[in-house]
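# Structure assessment
The lines below spell out each chain.
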Amino acid sequence: MRNFLKLTKEAVFILIIASIIGVFFNINLIRKYADYDFKGDFLFLEEDALPELITVYEAEELWQRGEAIFIDSRSEEEFKKGHILGAINIPLNSINSPQDLKNMDISQDKIIIAYCSGGDCKSSFYLAYFLQKAGFRNVKVLEGGWPKWFENGLPWEKN
Amino acid sequence: MKSKKYFILAIRILVGLIFIFSGITKIINPLGFAQDIQNYQIVPEFISFWTALILPWLELICGIFLLTGILVRGSSFWISSMLFVFILLIISVLVRGQEIDCGCFGFIGHKVDWTLLLQDLILFSLSLTILVSSLKRK
């Protein structure tokens with residue numbers, strides 16, 4: 001009986017130590033986990049998994065030359081209120097896996113620029129990540145998103 | 001009596017080293033391990049995440065304790081419990097006919113198959129032996 005009591009004490013002690021070290025060692029991952037909704041794809045949280053950012057000026061140049069496809073990851077309502085001229089709307093909540101994007105008619109030859117509502121919005125990152133996983137090689141995320149594009153007086157439309 | 005003592009010492013070292021190695025391979029890639037757990041399609045996402053952060057450290061600490069002879073009761077209890085759960089998971093994967101990586105040693109991929117089940121059953125019996133002998137100790 002005494003040995004079972006000792007066993008319980010030791011087991012609880014070991015679990016506490018492992019939990020403290022585990023949490024402390026992975027504190028950055030826990031913060032990211034709290035910030036992102038990554039639909040069960042844990043590898044999204046890896047440092048090098050996040051797509052590159054592109055500034056609004058670089059994006060505009062590509063837009064002028066017609067070398068990029070802009071994908072708006074915001075909701076349909078937000079998209080209708082105003083979006084980058086020629087952008088297509090793929091709300092993040094309409095995508096469940098990279099496979100869904102493979103089935104869409106998106107050109108593989110152009111640079112894809114995903115954007116959302118700027119600031120803290122994360123949906124363009126998920127969308128870009130899913131696009132990469134779906135096999136699109138040149139995917140970027142627009143820094144500052146839609147508000148930055150709009151503030152700079154760049155071409156936009158409503159519908 | 002003495003030979004039994006050496007036998008327990010030998011399996012403590014063996015199981016300890018295996019779990020130290022197993023823990024380290026997971027600690028260096030917690031997200032990969034979380035994904036491996038998720039691939040079993042048994043627990044919700046947040047359990048996969050938290051398990052991937054804590055279980056590798058539990059393996060490492062228990063492995064070190066077994067190797068060094070500290071808190072042998074507690075560490076052999078955890079190792080036996082973990083192996084028991086792993087065995088149940090392996091059986092469920094085999095029964096469902098899934099083809100997934102076991103996630104046992106991080107980057108060293110190993111598919112879930114009958115040999116893995118056999119390995120874990122052997123390890124489980126060894127760790128139970130350590131646990132029982134530690135409980136008999138005064």
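The rules behind these values
Residues numbered from 1 in each chain as written. Chains lettered and ligands numbered in written order. Predicted model: local features only at pLDDT ≥ 70, side-chain atom pairs only at ≥ 80, totals over all residues. Helix = DSSP H or I, 4+ residues; strand = E, 2+ residues; numbered from the N terminus. Buried ≥ 20, exposed ≤ 12 C-beta atoms within 10 Å, placed from the backbone. Contact = placed C-beta atoms within 7 Å. pLDDT = per-residue confidence, 0-100. Pairing = 2+ DSSP bridges. Axes fitted to C-alpha atoms, helices over the stretch in contact; angles between N-to-C directions. Nonpolar A, V, L, I, M, F, W, Y, C, P; charged D, E, K, R; others polar. Parallel < 35°, antiparallel > 145°, perpendicular 65-115°, else oblique. Left-handed = near helix turned anticlockwise from the far one by under 90°.

Looking now at the overall build of chain B. Counting its secondary structure elements, chain B contains five helices and zero strands. Residues classed as buried in chain B amount to 44% of the 138 residues present. Sequence separation of at least 24 residues holds for 69% of the intrachain contacts in chain B that already meet a minimum separation of 6.

Attention now goes to the confidence of the model for chain B. Per-residue pLDDT for chain B averages 91, and the proportion of residues at 70 or more is 96%. Under the prediction, the complex receives an ipTM of 0.92, its pTM being 0.70.

This part takes up the sheet that holds strand β1 (residues 52–54) of chain A. To summarise the sheet geometry, strands pair through backbone hydrogen bonds and adopt either a parallel or an antiparallel arrangement. Residues and elements named next belong to chain A. Taken together, five strands build an open sheet; the order of strands is β1-β6-β5-β2-β4 and the sheet is parallel. A strand with exactly one partner marks an edge of an open sheet, and here the two such strands are β1 and β4 (88–89). Relative to the sheet, helix α3 (residues 56–65) contacts β1, β2 (68–72), β5 (111–115) and β6 (139–142), its axis offset from that of β2 by approximately 120 degrees. In the packing of helix α6 (residues 123–133) onto the sheet, the strands contacted are β2, β5 and β6, and the crossing angle to β6 comes to about 175 degrees.

We now examine the interface of chain B and chain A. Taken together, the contact between chain B and chain A spans 20 residues of the former and 22 residues of the latter. When contributions to the side of chain B that touches chain A are tallied by element, the ones reaching two or more residues are α2 (30–39), α3 (45–68) and α4 (72–96) of chain B. Here the side of chain B that touches chain A takes eight residues from α3 of chain B, the largest share from any one element. Considered class by class, the residues forming the side of chain B that touches chain A number 14 nonpolar, four polar and two charged.

All names here are of chain B. It is the contact of helix α1 (residues 2–27) with α3, at a shortest axis distance of 7 Å, that shows an interaxial angle of 155 degrees. Judged on the interaxial angle alone, α3 and α1 are roughly antiparallel. Judged by the sense of rotation from one axis to the other, the crossing of α1 with α3 is left-handed. Contact residues: Arg12, Ile13, Val15, Gly16, Leu17, Phe19, Ile20, Ser22, Gly23, Ile24, Lys26 and Ile27 in α1; Pro56, Trp57, Glu59, Leu60, Cys62, Gly63, Ile64, Leu66 and Leu67 in α3. Among the residues making up the contact of α1 with α3, the classes are represented as 14 nonpolar, four polar and three charged.

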